Amino acid sequence: MREFSVAYSVAVNTIHFNHDRLDAAIVDLDGTMVDTLGDFHAALNGMLADLWLPAVSRELVERSVGKGSEHLIRCVLADVGGPASAYEPAWAAYQAHYDRINGDHSDVYAGVPEGLAALAAHGLKLACLTNKPGAFARDLLAMKGLANRFSLVFGGDAFERKKPDPLPLLKTCEALGTSPQRTLVIGDSSNDAQAARAAGCPVVLVTYGYNHGEPVTAVDADGFVDRLDALRWA
Ligand SMILES: O=C(O)COP(=O)(O)O
Ligand SMILES: [Mg+2]
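Predicted, not measured: the structure shown is a model, and the values here were computed from it.

### Brief notes about the overall build of the protein chain
And step 1. Per the secondary structure count, the protein chain includes eight helices and 11 strands.
And step 2. A globule of 234 residues ought to have a C-alpha radius of gyration of about 17 Å, and the protein chain, at 18 Å, matches this closely.
And step 3. Along the longest, intermediate and shortest principal axes, the C-alpha atoms of the protein chain span 55 × 35 × 30 Å.
And step 4. In the protein chain, which comprises 234 residues, the share counted as buried stands at 45%.
And step 5. Partitioning the intrachain contacts of the protein chain with sequence separation of at least 6 by distance along the chain shows that 62% fall at a separation of at least 24.

### Comments concerning the sheet that holds strand 6 (residues 125-129)
And step 1. A sheet is described by the order of its strands in space; here six strands give the open sequence 7-6-3-8-9-10, paired in parallel fashion. With partners counted over all chains shown, the strands left at the sheet margins are strand 7 (152-154) and strand 10 (223-225), one partner each. Averaged over all pairs of adjacent strands, the angle between strand axes in this sheet comes to 25 degrees, irrespective of strand direction.
And step 2. Bridging between strand 3 (residues 24-27) and strand 6 involves four bridges; their strand directions are parallel. Within strand 6, the position partnered with Ala25 by the bridge is Leu126.

### Re the UniProt feature "binding site: Mg(2+)" (unreviewed entry) in the protein chain
And step 1. Sequence positions flagged by UniProt for "binding site: Mg(2+)" (unreviewed entry) are, in local numbering, Asp28, Asp30 and Asp188. The greatest C-alpha distance among the residues just named is 8.1 Å, despite their covering 161 residues of sequence, which places them together in space.
And step 2. Relative to the helices and strands, Asp28 is located in the loop between strand 3 and strand 4 (34-35).
And step 3. The exposure class assigned to Asp28 is buried, which follows from the 26 C-beta atoms found within 10 Å.
And step 4. Excluding its chain neighbours within four sequence positions, the residues that come into contact with Asp28 are Leu129, Thr130, Ile186, Gly187, Asp188 and Asp192.
And step 5. Within the secondary structure layout, Asp188 lies in the loop between strand 8 (183-187) and helix 8 (190-199).
And step 6. Asp188 gets classed as buried once you count the C-beta atoms within 10 Å, which come to 25.

### Quick word on helix 5 (residues 112-121)
And step 1. Listed in full, the buried residues belonging to helix 5 are Val112, Gly115, Leu116 and Leu119. For helix 5, the angular spread of the buried residues around the axis is 95 degrees, confining them to a single face.
And step 2. The positive-phi residue at the C-terminal boundary of helix 5 is Gly123, with phi of around 85 degrees.

Conventions we followed
Residues numbered from 1 in each chain as written. Chains lettered and ligands numbered in written order. Predicted model: local features only at pLDDT ≥ 70, side-chain atom pairs only at ≥ 80, totals over all residues. Helix = DSSP H or I, 4+ residues; strand = E, 2+ residues; numbered from the N terminus. Rg over C-alpha atoms; globule rule 2.2 N^0.38 Å. Buried ≥ 20, exposed ≤ 12 C-beta atoms within 10 Å, placed from the backbone. Contact = placed C-beta atoms within 7 Å. Pairing = 2+ DSSP bridges. Axes fitted to C-alpha atoms, helices over the stretch in contact; angles between N-to-C directions. UniProt positions renumbered as here; feature names shortened; annotations may be inferred. Arc of directions from axis to C-beta.

This is the structure:
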């Protein structure tokens, strides 16, 4: 098996892959394919209103997204000074609000349909792996016309642990029937990159998503793209 290699051209911000060395891609959802910040913000503020707690800013939500719903709800409750006992009712309220508004305040990022089409055209199997609950992820992908691109969709509730743990990536590679070394991870945050490094997958990050308020280009990854269709094959 040949080594995976990436030639990263800063000038055109384009990453060149030799596709002979890749069999599949595992693509993150929130912040990578769909800008879902508006959905998170609306569902969380609906939840807080139900609990008679004050609303939070989009910025707080942006900094807290990426490690799954439980983490997000805990961050938001901590920010508004909610008691620990609020977690259970908050979780139930959040699920109900999110289910009602899923996709209403979200948009597919420019270049995503084209980028996915190019990956598929090069014969790569595609899986979506997100920390978002699987049911919300599947509904959102269908609503945004992206579902048919993926042979597999796994949410944050599919496995015992979430990204940045490598387990979900290893399990997804297993389900795809590919080796991690030949499976490209595409994400928007350090969660995706850390999981990929630990699993042994090559990883590219998009520069427009959510990375806990930190500059994403400081994250250890094989390359960065401003659009998903900026991935090119040598
Ligand atoms: O639900 C989240 O925390 C974000 O999920 P992601 O893995 O699609 O970025
Ligand atoms: Mg993400």
